[in-house]
Amino acid sequence: MLIKNAKLRGKQGLWQILIQNGSFVEIAEQIAGNEEDVLDAGGKLVIPPYVEPHIHLDCVFTAGEPRWNESGTLFEGIELWAERKKMITIDDVKKRAKKAIQLQISQGIQFVRSHVDTTDPELTALKALLEVKKEVQEFVDLQLVAFPQEGILSFPRGSELLEQAVKLGADVVGAIPHYEFTREYGVESVKIAVALAEKYGKLVDIHCDEIDDPSSRFLETVAAEAQRLGLKERVSASHTTAMHSYNNPYAHKLFRLLQLAAINIISCPTENIHLQGRFDTFPKRRGMTRVKELVQSNINVAIAQDSIMDPWYPLGTNHPLRELDMCIHVCQMMGYGEIIRSLDLVTENGAKALRVEHEYGIEPGKPANLLILDAEDEFDAIRNLSCVLYSIRKGKVILKRIPAQTDMQRIS
Ligand code: 17E
Ligand code: FE2
């Protein structure tokens with residue numbers, strides 16, 4: 001296949017992209033021959049697929065079951081999920097997760113990391129999602145995080161279940177230190193998760209400091225463990241919303257450690273603008289991590305949806321540009337260059353966090369995964385929340401969209 005008239009990020013003019021046997025072969029302004037299988041991008045922006053680095057596929061489409069979260073807090077969400085969790089079956093989880101993955105495909109997402117609750121003696125959700133992972137691999141790469149929603153040390157057999165989940169096939173080990181009964185349990189839980197990942201050669205992704213408590217400082221523990229063991233990008237910290245409430249001198253000190261440790265931060269803009277600040281009167285904190293300052297400090301930040309209609313968040317379309325839109329507004333990343341560069345947060349930075357860079361990017365030799373957006377450039381895409389016209393995976397068109405047409409009279 002030859003894609004013609006493609007705009008590429010950071011490059012002037014229009015480009016041609018040659019794909020053979022599912023891989024990129026050549027990217028040049030003019031490529032001779034190949035007149036048969038031609039796709040005209042029409043001057044639109046071609047980018048690598050979107051990455052969804054943090055979603056809870058076991059919980060999707062359960063909002064309102066058994067009740068809606070009326071307080072809008074993380075804590076009511078966890079209580080409601082504990083009730084809904086008692087009713088899950090393999091079939092129930094698979095159906096809901098596949099519906100969400102279909103939605104992700106429709107948005108141009110091809111790489112997904114999902115957390116899966118392991119605080120269930122049967123590990124039903126994990127067993128279901130391990131099946132789903134195989135069944136959808138033609139369309140998305142799915143990583144699974146063993147995520148102890150109700151704690152490692154604060155839930156009966158929490159640690160044992162976590163290890164069992166890794167043995168069953170989870171790719172990543174999680175923890176939730178800010179939710180453990182005590183600060184000491186929190187610190188210990190991070191150490192357990194990192195040690196487990198080390199033992200089995202897995203990645204780490206910690207739900208970290210998702211609370212408006214300025215004394216929730218588990219990110220320093222995560223980063224210090226990563227630094228001590230030299231794990232770097234193999235470790236991610238998700239949410240880190242307490243950072244919004246840290247005093248600036250402490251944040252300054254923490255940033256040095258984050259730079260040294262070189263871990264990833266995953267922020268969930270719509271989720272946390274909704275869940276945080278719920279115990280404030282006025283002024284209300286925004287409760288998002290410091291994305292702008294992290295990016296300025298060269299720390300890898302990716303942004304994520306987190307929830308689709310679950311006990312924590314009632315909405316969710318998994319449109320990466322909607323998440324990005326929320327992020328650049330809340331974090332005031334609205335300089336022209338900031339807007340242009342921010343597309344990295346839903347593409348390359350996510351690929352780095354998921355450790356899939358070797359198969360990611362429009363470069364000769366890599367799998368031919370790409371999107372054609374209905375946009376001229378990044379600015380246009382972000383301003384208009386542009387849709388995906390084509391999603392191509394390993395050289396195969398897996399999505400083609402014709403945008404809705406509007407007929408209206410012209411003003412003079
Ligand atoms: N679990 C959690 O601890 N935090 C969240 N934001 C979600 C699930 C969605
Ligand atoms: Fe989460």
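None of the values given here were measured: they were computed from a predicted structure. (Residues numbered from 1 in each chain as written. Chains lettered and ligands numbered in written order. Predicted model: local features only at pLDDT ≥ 70, side-chain atom pairs only at ≥ 80, totals over all residues. Heavy atoms only, no water.)

Draft legend 1. Representation of the coordination of the iron ion (ligand 2) within the structure. Protein-derived coordination of the iron ion (ligand 2) comes from His 54 (NE2), His 56 (NE2), His 207 (NE2) and Asp 306 (OD), at a distance range of 2.1 to 2.4 Å. Seen from the iron ion (ligand 2), its four donor atoms lie at angles of 81 to 172°, and the figure they make is irregular. Of note, the iron ion (ligand 2) draws all its donor residues from one chain, in the sequence arrangement H-x1-H-x150-H-x98-D. Of the two residues, His 54 sits in strand β6 (residues 50-55) while Asp 306 sits in the loop between β13 (301-303) and α10 (320-330), which places them 252 residues apart along the sequence. (Donors = N, O, S within 2.8 Å, 3.2 Å for Na, K, Ca; no water. Tetrahedral: all angles 85-135°; square planar, octahedral: opposite > 155°, others 65-115°. Helix = DSSP H or I, 4+ residues; strand = E, 2+ residues; numbered from the N terminus.)

Draft legend 2. Quick look at the packing of helix α5 (residues 183-200) against helix α6 (residues 218-229). As a packed pair, α5 and α6 sit with axes 10 Å apart at the nearest point and diverge in direction by 30°. Compared by their axis directions, α5 and α6 come out roughly parallel. At the point where α5 passes α6, the crossing takes the right-handed sense. Residues Arg 183, Gly 186, Val 187, Val 190, Lys 191, Val 194 and Glu 198 of α5 touch α6, and the partners they reach there are Phe 218, Thr 221, Val 222, Glu 225 and Leu 229. For the contact of α5 with α6, a count of residues per class yields six nonpolar, two polar and four charged. (Axes fitted to C-alpha atoms, helices over the stretch in contact; angles between N-to-C directions. Parallel < 35°, antiparallel > 145°, perpendicular 65-115°, else oblique. Left-handed = near helix turned anticlockwise from the far one by under 90°. Contact = heavy atoms within 4.5 Å. Nonpolar A, V, L, I, M, F, W, Y, C, P; charged D, E, K, R; others polar.)

Draft legend 3. Geometry of empty space enclosed by the protein. If you walk through the whole model with that rule in mind, you get two cavities of 30 Å³ or more. If you add up the space inside the largest cavity, you get close to 90 Å³. Every residue lining the largest cavity is counted, 14 residues in all, and those nearest its centre are His 56, Leu 74, His 207, Glu 210 and Trp 312. Looking at the lining of the largest cavity residue by residue, the class counts come to five nonpolar, five polar and four charged. If you add up the space inside the second largest cavity, you get close to 40 Å³. For the second largest cavity, the full set of lining residues is Val 51, Glu 52, Ile 303, Ala 304, Gln 305, Asn 318, His 319, Pro 320, Glu 323 and Val 346. Secondary structure elements with two or more residues in the lining of the second largest cavity: β6 and α10. Class assignment for the residues of the lining of the second largest cavity results in five nonpolar, three polar and two charged. (1 Å grid on protein atoms, 1.4 Å probe; cavity = no way out; pocket = protein on both sides within 12 Å on 5 of 7 lines; lining within 4 Å. Points joined across faces, edges and corners; volume = space filled by probe spheres on them.)

Draft legend 4. Layout of the pairing of strand β12 (residues 264-267). Burial along β12 is two-sided: the residues Asn 264 and Ile 266 and Ile 265 and Ser 267 are all buried. With three bridges joining them, strand β11 (residues 235-239) and β12 adopt parallel strand pairing. Bridging across to β12, Ser 238 finds its partner in Ile 266. Handedness of the β11-helix α7 (residues 248-261)-β12 crossover: right-handed. In terms of strand pairing, β12 meets β13 through three bridges, oriented parallel. Bridging across to β13, Ile 266 finds its partner in Ala 302. (Buried < 20%, exposed > 50% of the residue type's maximum accessible area, 1.4 Å probe, protein only. Pairing = 2+ DSSP bridges. Right-handed = clockwise from strand over helix to strand, strands pointing away.)

Draft legend 5. Up close: the nonpolar core. Of all hydrophobic cores here, the largest spans 97 residues; its most connected members are Tyr 50, Leu 57, Leu 219, Leu 258, Ile 263, Leu 324 and Leu 373. When residues of this core are assigned to their parent elements, the largest contribution, seven residues, is made by α5. Excluding residues within four positions of it along the chain, Ile 263 makes contact with Leu 219, Val 222, Ala 223, Ala 226, Lys 232, Val 235, Ala 237, Leu 258, Ile 299 and Asn 300. Membership of the second largest hydrophobic core comes to 19 residues, among which are Ile 3, Ile 19, Ala 41 and Ile 362. (Core = buried A, V, L, I, M, F, W, Y, C linked by side-chain atoms within 4.5 Å.)

Draft legend 6. Spotlight on the layout of surface pockets. In this structure, the largest pocket occupies an estimated 310 Å³ of space. Lining the largest pocket are 16 residues, and of these Pro 48, Glu 348, Gly 361, Ile 362 and Glu 363 lie nearest its centre. Taken together, the elements giving at least two residues each to the lining of the largest pocket come down to β5 (45-47) and α12 (348-353). Across the lining of the largest pocket, the residue classes tally to eight nonpolar, one polar and seven charged.

Draft legend 7. Quick look at the sheet that holds β12. Pairing within the open sheet is parallel, and its eight strands lie in the order β6-β7-β8-β9-β10-β11-β12-β13. Each edge of the open sheet carries a strand with a single partner, namely β6 and β13.

Draft legend 8. Representation of the side chain of Thr 347 in the model. One can find Thr 347 in the loop between α11 (336-341) and α12. With a relative accessible area of 2%, Thr 347 lands in the buried category. Once residues within four sequence positions are removed from consideration, Thr 347 is found in contact with Arg 9, Ile 47, Pro 48, Pro 49, Tyr 50, Val 51 and Tyr 360.

As far as function goes, none of this settles anything; it's purely spatial.
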